[in-house]
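# Structural characterization, general
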Amino acid sequence: MPSTESLVTLTTPTELEREPLVRNQRGVRWITDNVSAISEGPTPFWWWVLFLPCVLLAAFGTLCIGYQISNGVGVWGENHPNGWAWDITNFVFWIGIGHAGTLISAILFLTRQKWRTSINRAAEAMTLFAVVCAGIFPGIHVGRVWMAWFLAPVPNSNGIWPNFRSPLLWDVFAVSTYFTVSLLFWYTGLVPDLATLRDRAKTRVSRFLYGVFALGWRGSNRNWRHYEMAYLLLAGLSTPLVLSVHSVVSFDFATSVIPGWHTTIFPPYFVAGAIFGGFAMVLTILIPAQIVYPQLRDLITKGHVDKMAKIILLTGTIVGYAYLMELFIAYYSGNVYEKFTFFSARMGIDGKGYYSWAYYVMMFCNVISPQIFWFKWARNNLLIVFVVCQFVNAGMWFERFVIIVTSLAQDFLPSSWGHYSPSWVEIWTFIGTFGIFLSLFLLFMRFLPMIAMSEVKIVTPEADPHAHSPTTGVGVDAHH
Amino acid sequence: MSKRVLNHPPEAATGKKYWRSLGQLAETPEFRGWLEKEFPQGASEFHGGELSRRNFLQLMGASTALAGLSLGACRRPEKHLVPFSKGVEWSIPGKALFYATSMPTRQGAAPLVILTVDGRPVKVEGNPSHPAAEGRSDTWSQSSILDLYDPDRSRFFLESGKESDGDKFSKGLDLLLEKAGDGAGLAFVLDRTLSPTRERLREEILKKYPKARWCVHEPAQPEQARLAASVAFGEGMMPDLQVEKADVILALDSDFLSATGGTVRTIRKFMARRRVEGPDSKMNRLYVVEHRYSTTGGMADHRLRVQASQIAHFTVALAEQIGTLTGDPNLKPLGGPTTKFTERWIEEAAADLVAAKGRSLVIVGDHQPVAVQLLGYAINAALGNIGTTITGRRTEEKPGLTMGALAAAIREKQVQALFIVGANPMYSAPADLDWKNLQKSVPTVIRLGLYEDESSEGASWHVPLAHYLESWGDSLAADGSYTAVQPMVLPLYGGWSEIDFLARVAGLPKPAGPELVQETYMKRVGGEGATLTGTWNRFLLDGFAADTASKPEALTFNGGAAKDAIGKAAKPAAAAENTFEVVLEPCSKVDDGRFSNNGWLQELPDPISKLTWDNAAWISPVSAAKLGVTDGDVVEVSVNGRSLTIPVVRVPGTVDNSLTIALGYGRTKVGRVGIGTGVSAYPLMTTENPYFSTGASVKPTGAKYKLAITQEHGTLEGRGADLTRQANITDWQANASNGDYFKKMGMDSHIPENISLYSNPPLNEPHQWGMTVDLNSCLGCSACMLACQAENNVPIVGKEQVINGREMHWLRSDRYFASDEAGVDDPEMIIEPMLCQHCENAPCETVCPVNATVHSEDGLNVMAYNRCIGTRYCANNCPYKVRRFNFFDYHQRPLDKLYTWNLINEKGTPDTLKMRNNPNVTVRMRGVMEKCTFCVQRIQEAKIAAKVRAKDSANMLIPTDAFTVACAQACPTDAIVFGNIKDPDSKVSKMRASPRSYRLLEYLNTQPRVSYLARIRNPNLKMPGADRIGSFMSDGHDHGHGAKPAAHGTPTGGNH
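## Comments concerning the overall build of chain B
- On a plain count of helices and strands, chain B comes out with 33 helices and 38 strands.
- The buried share of chain B, taken over its 1056 residues, is 57%.
- For chain B, long-range pairs separated by at least 24 residues make up 75% of all intrachain contacts whose partners lie at least 6 apart in sequence.

Here it is in structure tokens:
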């Protein structure tokens, strides 16, 4: 019945062809071979070129930490009134970065965003390493590191408990929970791929090690059923954590009385900022990875970059909204101290701000620079995306610096105002955490499958029995 | 309590010897070996008679167990201080004992009591029974305890720089004196003290060596005041200002309220007239004319900036005006001033003074030229103040040679032996004397000094001087009463006291402290035939002899002589536009340089400039802008052919074209604290112009110098209505019954009622501690800061760490300037002491993750140091920013080693400094937070005492105002009051109930336990600018909404 058919054709819009999640109709075997090859092949020269400096930086950063612990926090630039500065800035910076991974793994998993599969492994690894770096700062910023166990609710003869009213304590719990759940989630996802590597391993050592960590995975149905249930549960557990960790981190500031900190908008604003910064860091790592491993371009496609750029645009704009809302509330409150903090100390409209330049760096990096992602050509240009991501990385660091230092440096009593500048120890400790982060990531790239092979395979066209066969008609890879 | 062993006769060296065992008697090597094995820690003590600083503590009292065996080591039979070999009934280990003494200063002794614990003096307080102190003290007395323990003090007798001992010195001295003959070749240079014993010894010396030269060298106290007084009132007569009787006071370049050494009496008399209690309160009115802000200027109701060199012209103009109004002949034909001043200012001030005839007072600074001071007396005479607000007092001190005359004698080779006792002329003699070469040209120089300093260099002999807390002596307090100086401890470094030394020179048979003083005491107080028993002990117990204050004497103003002297005096040059005057002033901290090695004083911020660790040339912001310099820019100052390079610091309120430089810095030979601090201004000082010189040129050198200023920001940012509330007396009188007047200013005028979601545990102890700080009385002298530092073992952190913003003072003194746009160059100033507010709803407590800072039932915000891990979150969340973090191990490590890699936890603080610490206060380690505790150790002590008193009864209440905290106890003006706010009779309860009382940042709902009392000023409404006075301070720029307070302290109501 041609008339009906034409009617249907007329009323139903033509389905636009979606860009495939895996390009070039790569089959299951191709995926296995190419992803495993990264960890199976010989160590490339560039890897050593990157790894050794990173390890050196990490070592020097550790030395700086040793120096700081043995001499006192005074080797940093902190003072009265700036009791926190780079330490907590770096902490919030890294913990923010650690948000994208779990967001991608958990929330996108629950919302069935299939494009997450090719990036979630690397993003989760990045999350863990970022949280490792983040965890260093609250640990070492205290004056007496050796007493830091007072933070733990250990029953003791004095009957002294931690102060459950303190957001800093909530922080300890939130961050450690987040790290634990993220680690479990990541590891659970790794198990099938570890088994693949075990099965392909050529040396006894690697077979043994991959074998131990693969936990006896057989790929049986029972395995898969349990795996998928565990993965789903962990995704469910992680989802509230994505929102809670940074909310709790923001409570450190929001529950205080200091103008610039005492802000109810902080929890959503911090979460948005964390996702914003986290995605920027994911792209910062995956774009170069795509360059050194060209085969990954079929798995991490322009479509992935495009989607992440859109998330950056969205969250960057939310953050911008929060910035403007802070200004409005400061004005609307009629509170001289709030007004001073936002209009003088941050914006520097009367030239009285000590760190107004940092506010404008933050504004440009976080609010202005992502706006270029309204344009598709920009989202599709890896160089532009990479550059904007660097702005975002820097901007998010400056956001925390602005919040922490400008608020503390100029608060209620003008008599106690004071400048802050970092010492070399602080600067190198921060650089050292990049060394730690990158060293860990390079080790991850070298020894573990960067792409969640088993998950990517699920989103290949072949994995969908109901889909049309592609025109070339290649069937399911029998050699799986 | 005096040490009652004083009357024991000296133990005869050949008398009975008591022994405990045959072994001890025989002193065999076997016995010694056994002894050392038995008491290994003390082994080294059994050998020599030397008292090392290490064993001092054990020996002085802590180890009574050893005392029986080690008596030989520490008993010096010639001294009457006996270690506690047997338990004495008043000494309980760990319990404090108080001894009265006094700190000699050039202005008169500061009467003190010293708290000693187990034989260690640890804290200085004002003597509560002395009328000139009333329990209060000042910065120099408070910090003097640190000098006692200074590890850099001189420890050895030095013969031409080589270590020697006292016996050799005595022999050398005898040899020298044998050849002295009539003493024509002998000369003495001394500090000024008002010690009658020293005067007596001087007479003894002059009796023996009639031609000896005696010279008092006090660079910071020129002779002008004495000369002027002797012309005006006759030789030997000094004016005594009765400031409490004056309704109107005009201070002409006089910082008469500076709280340095023995001036507490004047301050208290002045403050007695500033108290405002009820609506009918009256206040005195203070006019100040000065070249830079002083603490006196900060108290002023009206202040005018005039160069120090132009005060003469100003005084002439004022005299003309007063002469016209009173018709006094002495003030008539003076010839007009060459400089123009704000005429209305002078007219109205003069009218005010004349209106208060007989109840007014004009005070001219001691440093001003004699003619200006005489003119000041003439004005006072015209105002009928002589005999009412100015009375006389006879001085016993006979003037000696001037330094100039002594220098001339040395130049003519008439001096063979120069005794420099205490003073440091190599550093502080006026530059034109060329003292450095002169002293070197004297064949024998004998120096008695606390430190091996500039004047000890090249001396034939250097003798360590005992600190006043180690020596016997006497002095006169500011009211002329006879005060005791008694040792708290044997000389730590084996020094000789000044009077011991002089007695030795005089060849007295008994050259030992107590006898020398006793002799003077008997002559002065005891009268003929008196014996020592009884009254002498009373004298030591009280620290002074009762009823010895000098009686006010009638003054007769010699108008003719004054007029002659004024007429003959050279007129100072008028101020020139393009040159500067240079004013040299003693530093309010290190004085003329003598306290240069005192870390507490070096780190104490200057009350006005907030500069620590250095001096700098104060310059007005306008002049600085003209020169193109800012804080820390080094300039070259050239005046009369002498020059100096020094950094500048811009201080608002300084008159243009004037540089003020503090003396006492740039020492070349001094201990490790004082070295490298500041620039010596003595090269600009001449005998002719010891105070100011004019016509200086100032050139920027382009160099930069790092200054350690503790307060970066000095303006109120329009927050005065919140932070520093004040009003004029008329507004106060109109609103005194309105309890909300001061409570509803600034933010507090339009905030909703504070509510809290969280209810803190109830504070239901019968004691609830609180404090009030009266901004109307606070001078900013900073005695409180030092008292706190001493009481609570607050460390110094060094210049570098001050620059880093890490000073540790628990109590700081915030200084704010405020003005409207037009008055930026001449702002008003207010000083606001800031300390932990002990908030009932404390933001710091909620945020500490480990419960290290919590609230006590008696309302204290307490710190548990050993629980603190140092997150610094509490400090961040403190709206008052009063918490202090130990960024380094300041108590353990020397300040120059803070950054040295310290993996093995190397230490190195000298032991003596540890001995100074208050044993009742924990010494904090690095990495912990600390802050004001409301002297919790004193609270606990009082509570324990109350419990002991209560025995079985239930009444454990501490009696009303039975004790107070260190800052309140030191405060010369009673601006700080501490006590139980639950006790309606306590002073603090009454102060809190005052309508003037308000709390800082009320809108945060922190519920502070510290209240501030608004400042009240008493401007003369006819004065130019009077309508604006106080308005900048109390007027927030918060015009947004809400009811503005009825008035912001403007007599004409509103100034917009």
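So, next bit.
## A closer look at unusual backbone geometry
- The peptide bond linking His80 of chain A to Pro81 of chain A adopts the cis configuration, its omega dihedral lying at 15°.
- Positionally, Pro81 of chain A belongs in the loop between α3 (45-71) and α4 (86-97).
- Positive phi is not limited to glycine here, since Asn793 of chain B has a value of about 55°.
- Structurally, Asn793 of chain B is set in the loop between α25 (783-791) and α26 (799-803).

## Some words on the environment of Ala134 of chain A
Residue and element names in this part refer to chain A.
- Take Ala134: it is sitting in helix α6 (residues 117-141).
- Taking the C-beta count within 10 Å as the criterion, Ala134 has 26 such neighbours and is therefore assigned buried.
- Counting along the chain gives 41 residues from Ala134 to Phe93, while the straight-line C-alpha distance between them is 7.6 Å.
- Beyond its immediate sequence surroundings of up to four residues, Ala134 is in contact with Phe91, Trp94, Ile95, Gly98 and Val175.

## A short note on the sheet that holds strand β3 (residues 120-126) of chain B
Residue and element names in this part refer to chain B.
- Overall, antiparallel pairing links the three strands, which are arranged β1-β2-β3 in an open sheet. The open sheet is flanked by β1 (96-103) and β3, the only strands paired with a single partner. Averaged over all pairs of adjacent strands, the angle between their axes in this sheet comes to 30°, without regard to strand direction.
- Taken together, the eight bridges between β1 and strand β2 (residues 110-117) define a ladder with antiparallel strand orientation. Note on β2: the bridge partner recorded for Phe98 is Leu115.
- Helix α5 (residues 139-148) rests against β1, β2 and β3 of the sheet, and its axis sits at about 165° to β3.

## Quick word on the environment of Pro700 of chain B
- If you trace the backbone, Pro700 of chain B turns up in strand β25 (residues 692-704).
- C-alpha separation for the pair Pro700 of chain B and Thr630 of chain B, spaced 70 residues apart in sequence, amounts to 10.0 Å.

## Examining the nonpolar core
- Counting 435 residues, the largest nonpolar core has Val282 of chain A together with Leu374, Val582, Leu659 and Cys967 of chain B as the members making the most contacts within it.
- Examining the composition of this core, we find that 15 residues originate from one element, helix α10 (residues 266-292) of chain A, more than from any other.

## Let's talk about the interface of chain B and chain A
- Taken together, the contacts link 55 residues of chain B with 45 residues of chain A.
- When contributions to the side of chain B that touches chain A are tallied by element, the ones reaching two or more residues are β29 (812-818), α27 (843-847), α28 (873-876) and β33 (884-885) of chain B.
- Grouping the amino acids of the side of chain B that touches chain A by side-chain chemistry returns 25 nonpolar, 18 polar and twelve charged.

## Topic: the packing of helix α2 (residues 28-40) of chain A against helix α7 (residues 167-200) of chain A
Residue and element names in this part refer to chain A.
- Two elements in contact, α2 and α7, have axes whose closest approach is 11 Å; the angle formed by their N-to-C orientations is 75°. Between α2 and α7, the crossing angle belongs to the class labelled roughly perpendicular. Side by side, α2 and α7 meet where Thr32, Ser36, Ser39 and Glu40 of the first sit next to Thr196, Leu197 and Arg200 of the second.

## A few points about the sheet that holds strand β10 (residues 285-290) of chain B
All names here are of chain B.
- With respect to topology, four strands assemble into an open sheet ordered β11-β10-β9-β12, the strand pairing being parallel. Each end of this open sheet is capped by a strand with a single partner; those strands are β11 (302-305) and β12 (360-364). For this sheet the average axis-to-axis angle between neighbouring strands, irrespective of direction, equals 10°.
- Note that strand β9 (residues 248-252) and β12 share five bridges and pair parallel. For Ile249, the partnering residue across the bridge sits in β12 and is Leu361.
- Strand contacts of helix α12 (residues 343-355): β9, β10, β11 and β12, with the helix running at about 135° to β9, the strand carrying the most contacts.
- Together, β9 and β12 form the strand contacts of helix α13 (residues 370-382), whose direction differs from that of β12 by roughly 175°.

Calculation rules
Residues numbered from 1 in each chain as written. Chains lettered and ligands numbered in written order. Predicted model: local features only at pLDDT ≥ 70, side-chain atom pairs only at ≥ 80, totals over all residues. Helix = DSSP H or I, 4+ residues; strand = E, 2+ residues; numbered from the N terminus. Buried ≥ 20, exposed ≤ 12 C-beta atoms within 10 Å, placed from the backbone. Contact = placed C-beta atoms within 7 Å. Pairing = 2+ DSSP bridges. Axes fitted to C-alpha atoms, helices over the stretch in contact; angles between N-to-C directions. Core = buried A, V, L, I, M, F, W, Y, C linked by C-beta atoms within 7 Å. Nonpolar A, V, L, I, M, F, W, Y, C, P; charged D, E, K, R; others polar. Parallel < 35°, antiparallel > 145°, perpendicular 65-115°, else oblique.

Read these as layout, nothing more, since geometry by itself doesn't imply function.
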